[in-house]
Structure formats: structure tokens, C-alpha cells
Amino acid sequence: MKWRLGVGVALLAGVVAVASIDLSLAVQRWDELGPVPPGEPMPALSFATLEGEALDTAALRGRVTVLTFWTTWCPACRSELADVDALAREFEGEDVAFVAVNLEGGQMPLPRARELVANYRDEHALTVPLAIDGGAAARALRIGPIPHTVVLDAAGAIRRVHQGRVLSRTLRADIERLQTTAATDSR
Amino acid sequence: MSGSCLMPVSAALERWGGLLIAPRSTLARLAPEADAHDGWWLGALYVLGAEFDDVLAAIATAIGLGGFGGAFAVVLALGRALIVPIVALAAADFVLGRARAYRSTVVLVPVVLGMTCVHVAEQLGFALGGARWVAVVGVAAASLVWLAWLRSAIAPQPSPSEVAASSVETQEESP
């Protein structure tokens, strides 16, 4: 009987010890868990465009920018990209930039990723600007679940972060709020 | 805490310890309802022992992002964390059959032990990466094989319809 209780206590003690280690490790790097939150400046990053050029995040300053991080195999990304594509057309002519950044460049050679993304663009008739991340953005922004959407203000600061599928109306509200703030600041 | 409050805890620990070192004799003298709440407790222990880092990361995300998205991240992490115990319980029901399924939570004891060991390996620096799923499937499969071996030690319980039928027969036989 004592042996049975002893083994049970050892099991419980082991689980509690493991959980305590997890908690202690998490507390030590709490700020690094989860994605880079709103309020932080956007890290200086460079994406590869399908045309073979580089798109620096610094070049996006001066406009409200929506960056959607996605992959070709993610069903939620497909649905969100369709919304982002429609929003990009809706805000055409305004100081709003949309870039849909594919994350598969970190797992395959860039020419292959370009081909994959170009095929995807043609298949889904996307008009939103597309780019490819070689892995640096995923690490710098600590991207976990996808789609991952980051909304930047005109100064290049992260204002909103959405993990998972975000609704079109939520993104529109984010953009309009930042446009209003920018207009108020400029007066 | 009074001694009466500790009684169910020590009984549960004795039960889980017994299942690990002497499963057949432990099952043989286990009252039918003794492990009624073990599924909840072992599910919580599984999350703490095997997936707590992911849940903590989701909580940090929720605090960082705030709003519905943050809360959703925590719910999603808890759901992901509980997939293995839920699938193991469903498979245990299948392995034991309907008459013995009342003991299906027994499978969670080796699952908790095995997956806590896998997580300890991760904490010690063994980067399992994609192999983690192989370890998860291996632990769950070994636990189900162990349960199948124990199947004969679990007394079958009559289904409610069989109980009802037998009570009708008893009433008919009585004068």
C-alpha cells in the first residue's frame, strides 16, 4: 500500500516539478513569448518580391501598412488573403499599403518559393503585392499561428497584431482608426 | 487542510501509483465509481506535465495582444494541449469495449507519465522538433497496448438496458 502511494506521490511531484521549471523559464523570458506586441517599432526587415527586388520595411514608412504573413498550405490564409486583396482594392489611391508576405522562403530556395507564390497568385487571381520572407521576419516578429497580421502606423510602429484569421471589418476599422489618428496628428 | 479533505487525494495518488506498479491487483479491488473524476484530474496533470510551456506562451500572447484574439490564443492552446488525452480516451473506449469503458480513464496514467518524461527530455535540451509527434504517438500507442493487456482484469459492467431487463425479469419471477 505504501509503495502504491509513494509512486503516486512521485508522479504528482514529478509533474509539479516539470511545471515549475516551465513556469520559471517562462517568467525569465516572458517578454519574448508570443509575437512582438503592439507599441513596439517594426524591426528593419527586407522581403524578396516576386519581381526579384528587395522590399525594405523602411520603404513603407509614411503610410498605414498592413502586413499579412501566410503560407500556401494554410486554408485560413487563403480566406484571409481574399479579404486582404479586396481591402487593397478598396483603399487604392489612399496612403495605405498592403503586403502579403509568404513565409515559405525559409524552408526552400528562394527561386522555388517565388515560383510557388507566383503560381498561387495566378491560381487565386490575387492583385495585392506579394513578397517572400526568408525566415528573418518570422524570427524577428516571433510569428506563431498563421495567418499573422501586423498593422503599422505611418511612423513605422506596430499598432495592431492579429494571430489567426482576422475579419475584414476588423482590419478596415484598424486602418481607419490609424488614418484618423494620422490626420489629427498632422493638423 | 483537514484530513478528510486529503483522503480523496491520497486515495487517487494510491490508485495511480498502484496502476503503475501493480495494475491488475489495483483494478481488481477498485470500486466502480472510485475513479469517476480521474479524467479531469489526469487531464490537468497532462497539461501541467507535458504542455504547460505552450499554455504559458499563449497566456503571454494573450496579455501582449489583448482582446478577443488573445483570449482565443489561450483557448486554442488549451484545446491543442488536450488533444492527446481526448484521443487516448476515445481509443481506450474502443480498446475496452462498451462493457468495460467505465475504466477508460486508466489509460491516462501512463500517458501522463510518458509525456512528462518526453517533456523532461525537451527541458534537458533534446530538441525533438518534428520527432515530438512520433514520441506522442509512441507513448499513446504503448499506453493503449498496456490497457489492452489489462482488459481481462476489468470486470465488465452490464449496460443500463441489461440492468433494466434483469430487473423486469426479477419482478416477473417474484410472486
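Residues numbered from 1 in each chain as written. Chains lettered and ligands numbered in written order. Predicted model: local features only at pLDDT ≥ 70, side-chain atom pairs only at ≥ 80, totals over all residues.

### Overview of the nonpolar core
Then step 1. One finds Val101 of chain A together with Tyr46, Val111 and Val112 of chain B to be the most contacted residues of the largest nonpolar core, which totals 86 residues.
Then step 2. Residues lining this core come from more than one domain, with at least three contributed by each of domain 1 (1-33) and domain 2 (38-186) of chain A.
Then step 3. In this structure Tyr46 of chain B touches Pro85, Leu108, Val111, Val112 and Met115 of chain B, once residues within four positions along its chain are discounted. (Core = buried A, V, L, I, M, F, W, Y, C linked by C-beta atoms within 7 Å. Buried ≥ 20, exposed ≤ 12 C-beta atoms within 10 Å, placed from the backbone. Domains from an automatic or database assignment. Contact = placed C-beta atoms within 7 Å.)

### What to know about the domain arrangement of chain A
Then step 1. Partitioning chain A into domains gives domain 1 (1-33) and domain 2 (38-186).
Then step 2. Put simply, the middle of domain 1 of chain A and the middle of domain 2 of chain A, counted by C-alpha atoms, are 40 Å apart.

### Here we look at the sheet that holds strand 1 (residues 46-49) of chain A
Residue and element names in this part refer to chain A.
Then step 1. Spatial ordering of the open sheet is given by 2-1-5-4-3-6-7, a layout of seven strands whose pairing is mixed. Edge positions in the sheet fall to strand 2 (54-56) and strand 7 (158-163), since each has one partner strand and no second. Each strand of the sheet is rotated relative to its neighbour by a mean of 30°, with strand direction disregarded.
Then step 2. Bridge analysis of strand 3 (residues 64-70) against strand 6 (residues 148-152) gives five bridges, and the strand direction is antiparallel. Across the sheet, residue Val66 finds its bridge partner in strand 6, namely Val151.
Then step 3. Sheet strands in contact with helix 2 (residues 75-90) are strand 3 and strand 4 (96-102), and its direction is about 160° off that of strand 3. (Pairing = 2+ DSSP bridges. Helix = DSSP H or I, 4+ residues; strand = E, 2+ residues; numbered from the N terminus. Axes fitted to C-alpha atoms, helices over the stretch in contact; angles between N-to-C directions.)

### Concerning the interface of chain B and chain A
Then step 1. Residue-level contacts link 29 residues of chain B with 27 residues of chain A.
Then step 2. Broken down by secondary-structure element, the contributors of at least two residues to the side of chain B that touches chain A are helix 1 (3-21), helix 3 (38-50), helix 4 (52-65), helix 5 (67-81) and helix 7 (108-123) of chain B.
Then step 3. Looking at the side of chain B that touches chain A residue by residue, the class counts come to 17 nonpolar, 10 polar and two charged. (Nonpolar A, V, L, I, M, F, W, Y, C, P; charged D, E, K, R; others polar.)

### Examining the packing of helix 1 (residues 2-28) of chain A against helix 3 of chain B
Then step 1. The N-to-C vectors of helix 1 of chain A and helix 3 of chain B enclose an angle of 45°; their axes lie 7 Å apart at closest approach. As far as their axial angle goes, helix 3 of chain B and helix 1 of chain A are oblique. Between helix 1 of chain A and helix 3 of chain B the crossing geometry is left-handed. When helix 1 of chain A is examined against helix 3 of chain B, the residues Val15, Val18 and Ala19 of chain A are found in contact with a partner set consisting of Leu45, Leu48 and Gly49 of chain B.
Then step 2. For the contact of helix 1 of chain A with helix 3 of chain B, the residue count by class is five nonpolar, one polar and no charged. (Parallel < 35°, antiparallel > 145°, perpendicular 65-115°, else oblique. Left-handed = near helix turned anticlockwise from the far one by under 90°.)

### Overview of helix 8 (residues 131-150) of chain B
All names here are of chain B.
Then step 1. Taking 1.5 Å of rise per residue, the 20 residues of helix 8 would be expected to cover 28 Å, and the 29 Å separating its terminal C-alpha atoms lies within 8% of that figure.
Then step 2. Those residues of helix 8 that sit buried are Val136, Val139, Ala140, Ser143, Leu147 and Leu150. With its buried residues spanning 90° around the axis, helix 8 presents them on a single face. Seen from the open side of helix 8, the exposed residues pointing more than 90 degrees away from its buried face are Ala131, Val134, Val137, Ala141, Val145 and Trp149. (Expected span 1.5 Å × (residues − 1). Arc of directions from axis to C-beta.)

### Some thoughts on helix 6 (residues 83-96) of chain B
All names here are of chain B.
Then step 1. Along its 14 residues, helix 6 runs 20 Å from first to last C-alpha, staying within 8% of the 20 Å computed at 1.5 Å per residue.
Then step 2. All buried positions along helix 6 are accounted for by Val84, Pro85, Ala88, Leu89, Ala92 and Leu96. Projected onto a plane normal to the axis of helix 6, the buried residues spread over an arc of 130° and lie on a single side. Set apart from the buried face of helix 6 by more than 90 degrees, the exposed residues are Ile83, Ile86, Ala90 and Phe94.

### Notes on the environment of Arg78 of chain A
All names here are of chain A.
Then step 1. With respect to the secondary-structure elements, Arg78 resides in helix 2.
Then step 2. Overall, the presence of 15 C-beta atoms within 10 Å leaves Arg78 in the partly exposed class.
Then step 3. Between the C-alpha atom of Arg78 and that of Arg165, which follows or precedes it by 87 residues, the distance is 9.8 Å.

### A word on the packing of helix 3 of chain B against helix 7 of chain B
Residue and element names in this part refer to chain B.
Then step 1. Where helix 3 meets helix 7, the closest approach of the two axes is 8 Å, and the angle between their N-to-C directions is 10°. The orientation of helix 3 with respect to helix 7, classified from their angle, is roughly parallel. Each of Gly39, Leu42, Leu45, Tyr46, Gly49 and Ala50 in helix 3 lies in contact with helix 7, whose residues at this interface are Leu108, Val109, Val111, Val112, Met115, Thr116, Val118 and His119.
Then step 2. Of the residues that constitute the contact of helix 3 with helix 7, the class distribution is 10 nonpolar, four polar and no charged.

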